Amino acid sequence: MNYSYFSIINSFQLEKIYCENLIKEISYINNEPLWLRNFRLNSFYFLKKIYFPKWGNFFLKKFFLSKNCYYNFHDNKFNYSLIKTYKKFLNYKKRAIDFVYNSISVKTTMKKKLLKYGIIFCSLNEAIILYNKIIKKYLGTIVKPYDNFLSCLNSSIFSDGTFVYIPKNTICPIELSSYFRINDEVGQFERTLIICDDNSQISYLEGCTASIKKKNQLHSAVVELISMKNSIIKYSTVQNWYSGNKYNEKGIFNFVTKRGICCKNKSNIIWIQIETGSSITWKYPSCILKGNFSKNEFYSISISNKYQQIDTGTKIIYLGNYCTSYINSKSISINNSFQTYRGLIKVYSFSKKSKNFSNCDSIIIGNGKVFTFPLNLINNNNCLIEHEASISKISFEEIYFLKKKGLLENNCYNLLINNFFFEIIKKIPFEFSSEINQLLNSIIYYSII
């Protein structure tokens, strides 16, 4: 059964009763409790008042009023394509993984092994049934349904996702990850909820891919991270959605809301993101530093090619005392693509002795364009905020010099660009660093040569 966004959104505007029945049907099929059904319905009510934001630095057609994207219910258990993809992926990497295929979690590995440590790692739909009290307490607390249009849309019709809970005094013994794949012409609306209790640590990585389709598809996810006292969450993303044809048409629209909170003293959240795909990317992993001595680190690699449009960055809100944050953003704009870095540092008057250092560097190749919109809102005079940025081009002299050393032209570009990204690549978990390098090298090779 498929419901297009056209029918969902417009029928909501025109016929309230129909939409209530639709949400109830979604909730019924997922076997959800009453509170979650009301959560969805309340989110739909907000959609009536919230408009799609217009401040993004990209050109976007009104895809919400088309029939190109769908929300669907389906049974993936006997899907041959799914089984083939899943087995190939598991043979390639042995690790704990939640495999999300067309918005539905179909397999989560090593659950029993992790449960011996008290670690909960499962699909969100499973957690709603088995760990109802925890989900009810934390779902939608960091990213409110009414936060923005897209979070409101996700809260209304989210399909599945990943849930992780790390108990007190526990270091997760293995890398946890989720693999999201859009294989059919359907939109993807997953949610991720990660809770790291006192004195605990977790490293989590998500990978995103999509097959080539003839229509634009929408990916609109919500990620919520909760870091307790003296705990560390390391959240890495490798996004390689289908970017469309040579004009970047009919690719994935990647609009994501990601937010974490360091809610107690000495808590820490580390964001690492690599953006290489999708026709349009629009997301800002953000962090609220509430606990004293809390810390946030943000590392970003972004590569755009052809006519891709990327509007990304980070937002950090200071509420606690003696909080620190570090931002290191690297981007490359190739051919006719353009990139936008949008950052916000907001320090409230009651946040004493806080610090931030931001570094945003960009390289332009061809007719690429780069924009930066840093915004610092400082409400006291006892904090230290620093920002530096640079934009450059790879010069003919650099390529000529390396060619003189016997390197081919594509190897020259790879060497210079890998050196540009090195400081962030080394932050990626070791077992993934080699394949990340291969991914970046292949993208650069086919983009430039």
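This text follows the structure it describes.
Residues numbered from 1 in each chain as written. Predicted model: local features only at pLDDT ≥ 70, side-chain atom pairs only at ≥ 80, totals over all residues. Heavy atoms only, no water.

Describing the pairing of strand E18 (residues 309-318)
Selection criterion: Working definition: with a 1.4 Å probe on protein chains only, accessible area under 20% of the residue-type maximum means buried, over 50% means exposed, and in between means partly exposed. Strands here are runs of E lasting at least two residues and helices are runs of H or I lasting at least four, both read from the DSSP assignment and numbered beginning at the N terminus. Two strands qualify as a pair provided that DSSP identifies no fewer than 2 bridges between them.
Taken across its 10 residues, E18 has 9 buried, putting it largely inside the fold. Taken together, the 4 bridges between strand E15 (residues 280-283) and E18 define a ladder with parallel strand orientation. Residue pairing in the sheet places Thr 281 in a bridge with Ile 310 of E18. Relative to E18, strand E16 (residues 286-289) runs parallel, the two being bridged by 4 bridges. Following the sheet pairing, Cys 287 is matched in E18 by Ile 316. Relative to strand E20 (residues 338-347), E18 is paired through 10 bridges, and the arrangement is parallel. Following the sheet pairing, Ile 317 is matched in E20 by Lys 346.

Thoughts on the sheet that holds strand E4 (residues 104-108)
Selection criterion: Between N-to-C directions, angles span 0 to 180 degrees; the directions come from axes that are lines fitted to C-alpha atoms, helices contributing only their stretch in contact. By definition in these notes, contact holds between two residues if any of their heavy atoms fall within 4.5 Å.
Here we have 10 strands laid out as an open sheet, ordered E4-E3-E7-E9-E12-E14-E17-E19-E21-E23, and mixed in their pairing. The open sheet has two free edges, formed respectively by E4 and strand E23 (384-393), since each of these has just one partner strand. Looking at each pair of strands side by side, their axes are set apart by 10 degrees on average, direction ignored. Running at roughly 160 degrees to strand E19 (residues 324-334), helix H10 (residues 409-425) makes contact with strand E17 (295-304), E19 and strand E21 (355-365) of the sheet.

Examining the pattern of salt bridges
Cut-off, in case you're wondering: Salt bridges are counted wherever a side-chain nitrogen of Lys or Arg sits within 4 Å of a carboxyl oxygen of Asp or Glu.
Applying the stated criterion across every chain yields a total of 10 salt bridges. Of the charged contacts in the structure, one is a salt bridge between Glu 32 and Arg 40, with a shortest N-O distance of 2.7 Å. Residue classification places Glu 32 among the buried positions, given a relative accessible area of 12%. With relative accessibility at 0%, the residue Arg 40 sits in the buried group. Salt-bridge contacts for Glu 297 lead to Lys 295; the nearest nitrogen and oxygen are separated by 3.7 Å. What makes Glu 297 buried here is its relative accessible area of 11%.

Everything listed here is a matter of geometry and, on its own, says nothing about what the molecule does.
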